[in-house]
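For reference, the chains in residue letters:
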Amino acid sequence: MAVDRSKSAILPTAAPPGNLASDGASEDVWIDVIQKMDEVYSDLVDSQTELEEKNAKLEEADTFIQSVLGAMTDVLIVCDARGRIQQVNRQLLTITHREEITLLGTRFSDLFTKDSQPTVAGFLDSLISGQEVAPCDAAISVPDGPPAVVALSCTPRRDPRGRLAGMVMVGRPIGELQRAYRALDAAQEQLSETQQRLLVSEKMAALGRLVAGVAHELNNPISFVFGNMYALKRYGAAIRKYLTACDDGLPRADLDDLRKELKIDKVLRDIEPLVDGTQEGAERVRDIVEDLRRFSSNQEEAPETFNIIRLVHTAVDWVIKAQRIKPAIEFIGPDRLDVTGHKGHIHQIVVNLVQNAADVLSGCSDGKIRVICENDDGMIAIKVADNGSGIEPAAMDKLFEPFFTTKPIGSGTGLGLYVSYNMALKQGGDLQAANCPDGGAEFTLRIPVHVSSPQ
Ligand SMILES: Nc1ncnc2c1ncn2[C@@H]1O[C@H](COP(=O)(O)OP(=O)(O)O)[C@@H](O)[C@H]1O
Ligand SMILES: [Mg+2]
């Protein structure tokens, strides 16, 4: 309530009643008293005014603090040195569906779930022993709902003399964040599944186109295995006939004639190379089937040691044998180069590059593909260049994007270079495209490999 300073003016200044009225000394005393009262009243008014100003400032500060606390999206819990709650903000009340009055004076640890209580229980002891409390995640229990997980930090609160008066905990709700992370994880998993499916579909498309070439590759060894078996069958019949004659006890001279007639000595000489040749043919078939199996397999393969030159030749053969008009192949590189790396991946990339070169040259009678294989300081560089139409400048930036194709529907998936590029990257290498100065395109694959037998 405000005090009116002007009221001092209406204080009685007339002489008091009684027998002192005529006494001059008493009158002075009376005047002194009145003056003192006036002074006291004036001081009172000053103090009252000061108090009111302070009160107003206090109220303003309180409103300010409340508005700041209320605006916080983080949870705030203030405790005394015994862990009893002294203040909380609106966010905590909203999360816990509680009234402030029901929380004040209660143990702060009761706010948390049973699982989180051991985590927060040690906060005060740590602060008392002068240690910092490391930020951690804790779950605040919510009646009839899932707990609210917060990233909690806890700092000491000190009195003016620097003694521990309690602690302040600030919790950032991370439930949303966790949900977002989970959604992100699920999306990522879906993406990698889709990528895996893309990989498979590209492989199947490539395999479909390779079948003719592979069949041709298989035909060769199979046909000489058949030829050898036919010869061996004939040789078997000759040997049987000769042995029967021996058993029948034919005279020596007749036996010699028969031996010449059946070319038994030649047969005996030929058997070993024929068997070796047949075995080689069967091994070749086995290798092709193995390559094919590796090519179509979706399993992540472990690095293995292999002759990369043979692998490049196989990849080129598979593609070229399937072409109606076969481009000329020029191979530049060593005869043998044993490396350790991901055989299947390198094979698939080379098949894709050679297939693209063959595609751009299809129908062209003077098509040429040059394949260069170099050992470049811990990196294998495989270059596939053609004398085709080259890459359109507008297409240069899009080559490695999924589904980018300039081929008619049904002939191109637009996945070959995308898959190849990612495979190269996954092995710590890269794949680059360029146009050759004298026409045509050149693709360079670089893969870090361990070279075990240089040239
Ligand atoms: N040797 C090349 N010469 C010219 N263009 C090429 C060559 N290789 C690839 N390209 C271009 O890159 C595109 C994408 O190739 P790729 O990813 O293998 O998919 P696809 O072969 O199914 O079209 C091709 O459609 C073609 O336009
Ligand atoms: Mg392709």
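Residues numbered from 1 in each chain as written. Chains lettered and ligands numbered in written order. Predicted model: local features only at pLDDT ≥ 70, side-chain atom pairs only at ≥ 80, totals over all residues. Heavy atoms only, no water.

Asks: How do you make sense of empty space enclosed by the protein when you look at a structure like this?
Replies: Rolled over the atoms, a probe sized like a water molecule indicates the empty space that remains. Enumeration according to the criterion identifies one cavity of 30 Å³ or more in this entry. Roughly 50 Å³ of volume is contained in the largest cavity. Taken together, Asp291, Arg294, Phe295, Leu311, Lys343, Gly344 and His347 form the lining of the largest cavity. Secondary structure elements with two or more residues in the lining of the largest cavity: α8 (264-296) and α10 (343-360). (1 Å grid on protein atoms, 1.4 Å probe; cavity = no way out; pocket = protein on both sides within 12 Å on 5 of 7 lines; lining within 4 Å. Points joined across faces, edges and corners; volume = space filled by probe spheres on them. Helix = DSSP H or I, 4+ residues; strand = E, 2+ residues; numbered from the N terminus.)

Asks: Would you explain the pattern of salt bridges in this entry?
Replies: Oppositely charged side chains can form a pair if their charged atoms are brought close together. Applying the stated rule across the entire model yields 13 salt bridges. Here Arg163 ties to Asp159 by a salt bridge, and the two come within 3.1 Å at their closest N and O atoms. Here Asp338 and Arg336 are joined by a salt bridge, their closest N and O atoms 3.2 Å apart. For Arg336, a relative accessible area of 46% corresponds to the partly exposed category. Counted as one network, the salt bridges with shared partners bring together Arg286, Asp287 and Arg310. (Salt bridge = Lys/Arg side-chain N within 4 Å of Asp/Glu carboxyl O. Buried < 20%, exposed > 50% of the residue type's maximum accessible area, 1.4 Å probe, protein only.)

Asks: Any chance you could explain the site of ligand 1 here in plain terms?
Replies: Near ligand 1 you find 18 residues, and of these Thr405, Thr406, Lys407, Thr413 and Leu417 are the closest. Between ligand 1 and Asn356, the relevant distance is 2.9 Å, taken from an oxygen atom to a side-chain nitrogen or oxygen of the residue. Thr405 is positioned with one of its side-chain polar atoms (N or O) 2.5 Å from an oxygen atom of ligand 1. With the chains in place, 93% of the 530 Å² that ligand 1 exposes on its own is no longer accessible. Comparing atom positions with the cavity grids shows ligand 1 to sit within the largest pocket. Contributing elements (two or more residues each) for the shell around ligand 1: α10, α12 (416-426) and β12 (441-448). (Near = heavy atom within 4 Å. Polar contact = N/O pair within 3.5 Å; in protein donor to acceptor, adjacent residues only side chain to side chain. Areas by Shrake-Rupley, 256 points an atom, 1.4 Å probe, with all protein chains shown as cover. Sits in = over half its atoms within 2 Å of the grid points.)

Asks: What am I meant to see in the confidence of the model for the protein here?
Replies: Any segment with low pLDDT has predicted coordinates that should not be analysed in fine detail. Counting all residues, the mean pLDDT for the protein is 88, and 94% of those residues have values of 70 or more. Model confidence for the protein, summarised as mean pLDDT per element, is weakest for strand β13 (residues 450-453) at 76 and strongest for strand β7 (residues 328-332) at 97. Per-residue pLDDT stays below 50 along residues 1-15; that stretch engages in 17 contacts with residues further than four places along the chain or on separate chains. (pLDDT = per-residue confidence, 0-100. Contact = heavy atoms within 4.5 Å.)

Asks: For this particular structure, what's the right way to read the sheet that holds strand β4 (residues 148-158)?
Replies: Pairing between the strands of a sheet is mediated by backbone hydrogen bonds and can be parallel or antiparallel. Sheet architecture is open: five strands sit in the order β2-β1-β5-β4-β3, paired in antiparallel fashion. Where the open sheet ends on each side, the last strands, each with one partner, are β2 (85-88) and β3 (136-140). Taken over all neighbouring pairs, the strand axes of this sheet differ in orientation by 35° on average, direction set aside. As judged from the six bridges shared by strand β1 (residues 75-80) and strand β5 (residues 164-173), these two strands associate in the antiparallel manner. Bridged to Ile77 within β5 is Met169. (Pairing = 2+ DSSP bridges. Axes fitted to C-alpha atoms, helices over the stretch in contact; angles between N-to-C directions.)

Asks: Would you mind going over the domain arrangement of the protein with me for this structure?
Replies: A common measure of how large an interface is: the accessible area buried when the components associate. You can read the domains of the protein as domain 1 (5-67), domain 2 (72-173), domain 3 (198-299) and domain 4 (300-455). Here domain 2 and domain 4 have C-alpha centroids that lie 63 Å from each other. (Domains from an automatic or database assignment.)

Asks: Sorry if this is basic, but what is going on with the packing of aromatic side chains here?
Replies: Working definition: an aromatic ring pair is given by the centre-to-centre distance plus the angle between the planes. Taken as a whole and judged by the stated rule, the model has three aromatic pairs. With 6.4 Å between their ring centres and 80° between their planes, Phe108 and Phe112 make a pair best called edge-to-face. Assigned by exposure class, Phe108 and Phe112 land together as buried. Ring geometry for Phe400 against Tyr421: centres 4.9 Å apart, planes inclined by 35°, an arrangement best described as tilted. Of this pair, Phe400 sits in the loop between α11 (393-396) and α12 while Tyr421 sits in helix α12, and the two are 21 residues apart along the sequence. By way of ring pairs, the aromatic residues Phe108, Phe112 and Phe123 are connected into one cluster. (Phe/Tyr/Trp six-rings, centres within 6.5 Å; stacked < 30°, edge-to-face > 60°.)

Asks: Before we go on, may I ask you to explain the packing of helix α6 (residues 175-247) against helix α7 (residues 252-261) in this structure?
Replies: Each pair of packed helices can be summarised by the angle the axes make with each other and by the distance between the axes. Packing of α6 against α7 brings their axes to within 10 Å, and their N-to-C directions diverge by 180°. If you check the angle between α6 and α7, you find them roughly antiparallel. Counting all contacts with α6, which are made through Lys241, Tyr242, Ala245 and Cys246, the residues of α7 involved are Arg252, Leu255, Leu258 and Arg259. Residues that form the contact of α6 with α7 fall into these classes: five nonpolar, no polar and three charged. (Parallel < 35°, antiparallel > 145°, perpendicular 65-115°, else oblique. Nonpolar A, V, L, I, M, F, W, Y, C, P; charged D, E, K, R; others polar.)

Asks: I tried to follow the side chain of Ser420 on my own but got confused; where do I start?
Replies: Its location among the elements puts Ser420 in helix α12. By relative accessible area, which is 0% here, Ser420 ends up buried. Setting aside chain neighbours within four positions, we find Ser420 in contact with Ile349, Asn352 and Leu431.

Asks: Where do I start with the layout of surface pockets in this structure?
Replies: The volume enclosed by the largest pocket comes to roughly 790 Å³. Along its surface, the largest pocket is lined by 37 residues, and Asn356, Asp359, Thr405, Thr406 and Lys407 are the ones closest to its centre. Listing elements by their share of the lining of the largest pocket, those giving two or more residues are α6, α10, β10 (379-386), α12 and β12. Of the residues forming the lining of the largest pocket, the biggest block, eight residues, is contributed by α10. When grouped by side-chain class, the residues that make up the lining of the largest pocket number 17 nonpolar, 14 polar and six charged.

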